[in-house]
2 protein chains.
Amino acid sequence: MILELHSPLDMHLHLRDGDMMKLVAPLSSASFAGAVIMPNLVPPVADAGAVQAYRQRVLDACGDDVFQPYMTAFFRSYSEKELSRLKELVFGIKLYPAGATTNSEGGVKAMKDAEATLSIMQEMDIPLLVHGESHGFVMDREAEFLDVYRDLATRFPRLTICMEHITTAAAVQLLDEFENLAATVTLQHLLITLDDVAGGMLRPHLFCKPIAKRPEDREALLQAALSGHPRLMFGSDSAPHPIHAKEACGCAAGVFTAPIALPRLAALFDEHGALDRLQGFVSGHACALYGLNPPARTVRLQRREMLVPDAYEGHGQKVVPMDAGCTIPWRLI
Amino acid sequence: MILELHSPLDMHLHLRDGDMMKLVAPLSSASFAGAVIMPNLVPPVADAGAVQAYRQRVLDACGDDVFQPYMTAFFRSYSEKELSRLKELVFGIKLYPAGATTNSEGGVKAMKDAEATLSIMQEMDIPLLVHGESHGFVMDREAEFLDVYRDLATRFPRLTICMEHITTAAAVQLLDEFENLAATVTLQHLLITLDDVAGGMLRPHLFCKPIAKRPEDREALLQAALSGHPRLMFGSDSAPHPIHAKEACGCAAGVFTAPIALPRLAALFDEHGALDRLQGFVSGHACALYGLNPPARTVRLQRREMLVPDAYEGHGQKVVPMDAGCTIPWRLI
């Protein structure tokens, strides 16, 4: 069984910088035609110069003529002039509530402070990408943030708002309430629940933000993906951390899935008899929604077992992927 | 400010065996008059000979003339003759659902298989201690088990049943439904929620079973302890694992609190103006409930800062305590 995917896109990717990016960027560019690159470096990527410079470093690290990095800028108050310049350089602007996740300390403290910039973005048709978590109890953070999405979607009806890495059944429902809401979902949130993170042994390599939720949440996400929901897109949120930052006293949040994402998704969609929906999930929905025209790249996958490496190493870095040391039933060919 | 506690008891303690026990047992016997010793070794402590031998090893490891180990046997089907013999040697019998926690693989698979033994225990007045978790979703396991407690409490009305290490508001409520139910609660479940384990960085040294729950659960446990509920007792569930088993890819469940438990409890009860309730919580309730007459030992605590060590080391073992490297406002003197 061979499956061809045309121009697969990862709509939410962390490439980091420096040596870590040199290790992980080629693992994404090998199997995707493009990816939306997150801006939460230290300091954040928050002006045109930083976007241009980071884009060049991404391209250098990928060492690939095809791969298209869709850059993002870190949300702050931008002037109309700044946004005009940024619009030429970025795919969208990523909003983080201050302190919600890795390197988000400079994020938004109060949503009302964001309104002026959001108005200009709406006029200029620049998509807004949001890490949607409150500062509440860890299992409630996404659900508590949904009212912010409702408010934004109502007040900026022509702004495309993407709920990044959704993890709850409630977020899936919300997607159907507003035409201007879209969402990405990760590989791990289609597969795991909090049980996999902390139900047996504690498994740091499955710890991420938002944290994996309840079985009924995973089921709702999976059904939405398998059913071909046109505003639900694959975004890996692949987020590498050095092994010493994961297997440690205070483990950093992030699951590294970039190199296994497409075979693992093929296995999942195959298992549910939904392989015909995978092209839309990993490319078609995003192209239609955002009007993207990604580079041509055909990725071929085969229903044949693949042993996931224990770790990926290089440039002095070592990163453990999800499913490390396990066999998955599909592979890239 | 000086506080004297008379014959404090830890009603739920894991001492392990061998070198680990040599390291941790003196840290309990230094500040408690006695403790209920859990039987989940490999193989489990499940006959009179094993109880006697383990008790002697515990006494040797403590190296203390006062400390009283209240031994337990691992629940299995016992004959009347076996229970007659055990009654002389143990404080109670500990029931684990198979696979619910560390070294519980030999536990009970179906509660109906336990009935004959429970009937004899009831007649002989041997307390039943229970690790009360289902095999469901990690946040629901205790709540799902409460019907088993209801059933046991109803069908064995003269059997004293202790719900070990309760973690939910629902379990606190259940305590008031049946006179023959009692409960222990740990230090950590009075202090932390899942947010502390996985809300920021992942913190393996706060990972235990049952996992810490929601803020409203912690609040209910704390209020029950502070109010002096007569059937709620302190049981640390202090559960040492070597540092390499905690800060690892698959972290073992257990929080090591034995050496800091009394000062940390004093700080907590002091903070809430309930220092007068601490004696009951750490000794009086257990003595009244079980008719214990523990060795005389007066433990003195002072409201003066104590720096918790980063780790306790010895006998080739290294264990990280809760609050490692932190300052707590009370100390043992």
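Residues numbered from 1 in each chain as written. Chains lettered and ligands numbered in written order. Predicted model: local features only at pLDDT ≥ 70, side-chain atom pairs only at ≥ 80, totals over all residues. Heavy atoms only, no water.

## Concerning the UniProt feature "binding site: substrate" (unreviewed entry) in chain A
All names here are of chain A.
Logical step 1: Under the present numbering, the feature "binding site: substrate" (unreviewed entry) in UniProt falls on His-14, Leu-15, Arg-16, Asn-40, His-131, His-241 and Ala-253.
Logical step 2: Relative to the assigned elements, Leu-15 resides in the loop between strand E2 (9–13) and helix H1 (18–29).
Logical step 3: With respect to the secondary-structure elements, His-241 resides in the loop between strand E9 (232–234) and helix H10 (243–246).
Logical step 4: Accessibility expressed as a relative area gives 9% for His-241, which makes it buried.
Logical step 5: Residues in contact with His-241, not counting those within four places in the same chain, are Arg-16, Met-20, Thr-102, Lys-246, Ala-252, Ala-253, Gly-254, Lys-318 and Val-319.
Logical step 6: A polar contact is formed between the side chain of His-241 and the side chain of Arg-16, at a distance of 3.3 Å. (UniProt positions renumbered as here; feature names shortened; annotations may be inferred. Helix = DSSP H or I, 4+ residues; strand = E, 2+ residues; numbered from the N terminus. Buried < 20%, exposed > 50% of the residue type's maximum accessible area, 1.4 Å probe, protein only. Contact = heavy atoms within 4.5 Å. Polar contact = N/O pair within 3.5 Å; in protein donor to acceptor, adjacent residues only side chain to side chain.)

## Describing the packing of helix H3 (residues 80–87) of chain B against helix H4 (residues 115–124) of chain B
Residue and element names in this part refer to chain B.
Logical step 1: Packing of H3 against H4 brings their axes to within 10 Å, and their N-to-C directions diverge by 45°. In terms of orientation, H3 lies oblique with respect to H4. For H3 against H4, the interelement crossing comes out right-handed. Residues Glu-80, Leu-83, Ser-84 and Lys-87 of H3 touch H4, and the partners they reach there are Thr-117, Ile-120, Met-121 and Met-124. (Axes fitted to C-alpha atoms, helices over the stretch in contact; angles between N-to-C directions. Parallel < 35°, antiparallel > 145°, perpendicular 65-115°, else oblique. Left-handed = near helix turned anticlockwise from the far one by under 90°.)

## Observations regarding the interface of chain B and chain A
Logical step 1: With 29 residues of chain B at the interface, the matching set in chain A holds 29 residues.
Logical step 2: Note on chain B versus chain A: buried area summed over both sides is about 2400 Å², and carbon and sulfur give 63% of it.
Logical step 3: On the surface where chain B and chain A come into contact, there are four salt bridges.
Logical step 4: Here B:Asp140 makes a salt bridge to A:Arg214, at a shortest N to O gap of 2.6 Å. (Buried area = accessible area lost by both parts, 1.4 Å probe. Salt bridge = Lys/Arg side-chain N within 4 Å of Asp/Glu carboxyl O.)

## Focus on the side chain of A:Asp237
Residues and elements named next belong to chain A.
Logical step 1: The residue Asp-237 is located in the loop between E9 and H10 in this model.
Logical step 2: Side chain to side chain, Asp-237 and His-14 meet in a polar contact 2.9 Å long.
Logical step 3: If sequence neighbours within four positions are ignored, Asp-237 has contacts with Asp-10, His-12, His-14, His-165, Thr-186, Lys-209 and Val-255.

## Some remarks on unusual backbone geometry
Among all residues except glycine, the phi angle is most often negative; among peptide bonds, the trans geometry is most common.
Logical step 1: The omega torsion of the bond from A:Lys209 to A:Pro210 falls at 0°, within 30 degrees of zero and hence cis.
Logical step 2: By secondary structure assignment, the location of A:Pro210 is in the loop between helix H8 (194–198) and helix H9 (215–226).
Logical step 3: With omega at -5°, the peptide bond leading from B:Val42 into B:Pro43 counts as cis.
Logical step 4: Mapped onto the fold, B:Pro43 is located in the loop between strand E3 (34–37) and helix H2 (48–62).

## What about the UniProt feature "binding site: Zn(2+) 2" (unreviewed entry) in chain A?
Residue and element names in this part refer to chain A.
Logical step 1: Under the local residue numbering, the UniProt record ascribes the feature "binding site: Zn(2+) 2" (unreviewed entry) to Lys-94, His-131 and His-165. On the basis of their most widely separated C-alpha atoms, the annotated residues across 72 residues gather in one place, lying no more than 12.4 Å apart.
Logical step 2: Inspection of the secondary structure assignment puts His-131 in the loop between strand E6 (128–130) and helix H5 (141–155).
Logical step 3: Classification of His-131 as buried rests on a relative accessible area of 1%.

## A short note on helix H5 (residues 141–155) of chain B
Note on helix geometry: an α-helix contains 3.6 residues per turn, so any two residues three or four positions apart are oriented the same way.
Logical step 1: Between its terminal C-alpha atoms H5(B) stretches 22 Å, which fits the 21 Å expected from 15 residues at 1.5 Å a residue.
Logical step 2: The largest bend along H5(B) measures about 25° and falls at B:Asp147.
Logical step 3: Looking only at H5(B), the buried set comprises B:Arg141, B:Glu142, B:Phe145, B:Leu146, B:Tyr149, B:Leu152 and B:Ala153.
Logical step 4: Where H5(B) is buried, its residues contact H8 of chain A together with H4, strand E6 (128–130), strand E7 (161–163), helix H6 (169–175) and strand E8 (181–185) of chain B. (Expected span 1.5 Å × (residues − 1). Bend = angle between axes of the 7 residues up to and from the residue.)

## A look at the relation of the copies chain B and chain A
Logical step 1: After a rotation of 180° and a shift along the axis of 0.0 Å, chain B superposes on chain A with an RMSD of 0.0 Å. These values place the two chain copies in the arrangement generated by a two-fold rotation axis. Relative to the rotation axis, the closest C-alpha in chain B is found at B:Glu247, a distance of 2.8 Å.
Logical step 2: Of all interface residues in chain B, 100% are interface residues in chain A too; the two copies therefore contact each other through one and the same surface. (Least-squares fit on C-alpha atoms with pLDDT ≥ 70 in both.)

## Quick notes on the state of the cysteines
Logical step 1: For the coordinates displayed, the defined rule picks out zero disulfides over all chains.
Logical step 2: Cysteine A:Cys162 shares no disulfide, and the gap to the nearest cysteine sulfur, in A:Cys287, comes to 14 Å.
Logical step 3: Free of any disulfide, B:Cys62 has its nearest neighbouring cysteine sulfur in B:Cys287, separated by 18 Å.
Logical step 4: For B:Cys62, a relative accessible area of 7% gives the class buried. (Disulfide = S-S within 2.5 Å.)

## Topic: the nonpolar core
Logical step 1: Residues A:Phe281 and B:Phe281 are the most contacted members of the largest nonpolar core, which totals 250 residues.
Logical step 2: If we skip the residues at most four places from it in the chain, B:Phe281 touches B:Val185, B:Leu190, B:Ala225, B:Leu232, B:Met233, B:Phe234, B:Leu265 and B:Phe269. (Core = buried A, V, L, I, M, F, W, Y, C linked by side-chain atoms within 4.5 Å.)

## What to know about the layout of surface pockets
Residue and element names in this part refer to chain A.
Logical step 1: As a volume, the largest pocket reaches approximately 330 Å³.
Logical step 2: The wall of the largest pocket is formed by 19 residues, among which Arg-203, Pro-321, Met-322, Asp-323 and Ala-324 lie closest to the centre.
Logical step 3: A class-by-class count of the residues in the lining of the largest pocket yields eleven nonpolar, one polar and seven charged. (1 Å grid on protein atoms, 1.4 Å probe; cavity = no way out; pocket = protein on both sides within 12 Å on 5 of 7 lines; lining within 4 Å. Points joined across faces, edges and corners; volume = space filled by probe spheres on them. Nonpolar A, V, L, I, M, F, W, Y, C, P; charged D, E, K, R; others polar.)

## Looking at the packing of aromatic side chains
Logical step 1: In the structure shown here, the tally under the stated rule is 16 aromatic pairs over all chains.
Logical step 2: Between B:Tyr70 and B:Phe91, the ring centres sit 6.0 Å apart and the planes meet at 65°, which makes this aromatic pair edge-to-face. One end of the pair, B:Tyr70, is in strand E4 (residues 68–74); the other, B:Phe91, is in the loop between H3 and strand E5 (92–95), with 21 residues separating them in the sequence. Like B:Phe91, B:Tyr70 is buried.
Logical step 3: Between B:Phe256 and B:Tyr312, the aromatic rings sit 6.1 Å apart at their centres with planes inclined by 80°, giving edge-to-face as the arrangement. Residue B:Phe256 is found in the loop between helix H10 (243–246) and helix H11 (261–271), and its partner B:Tyr312 is found in strand E12 (residues 312–314); the two are separated by 56 residues along the sequence.
Logical step 4: Residue classification places B:Tyr312 among the buried positions, given a relative accessible area of 14%.
Logical step 5: Linked through ring pairs, A:Phe32, A:Phe234, A:Phe269 and A:Phe281 together constitute an aromatic cluster. (Phe/Tyr/Trp six-rings, centres within 6.5 Å; stacked < 30°, edge-to-face > 60°.)

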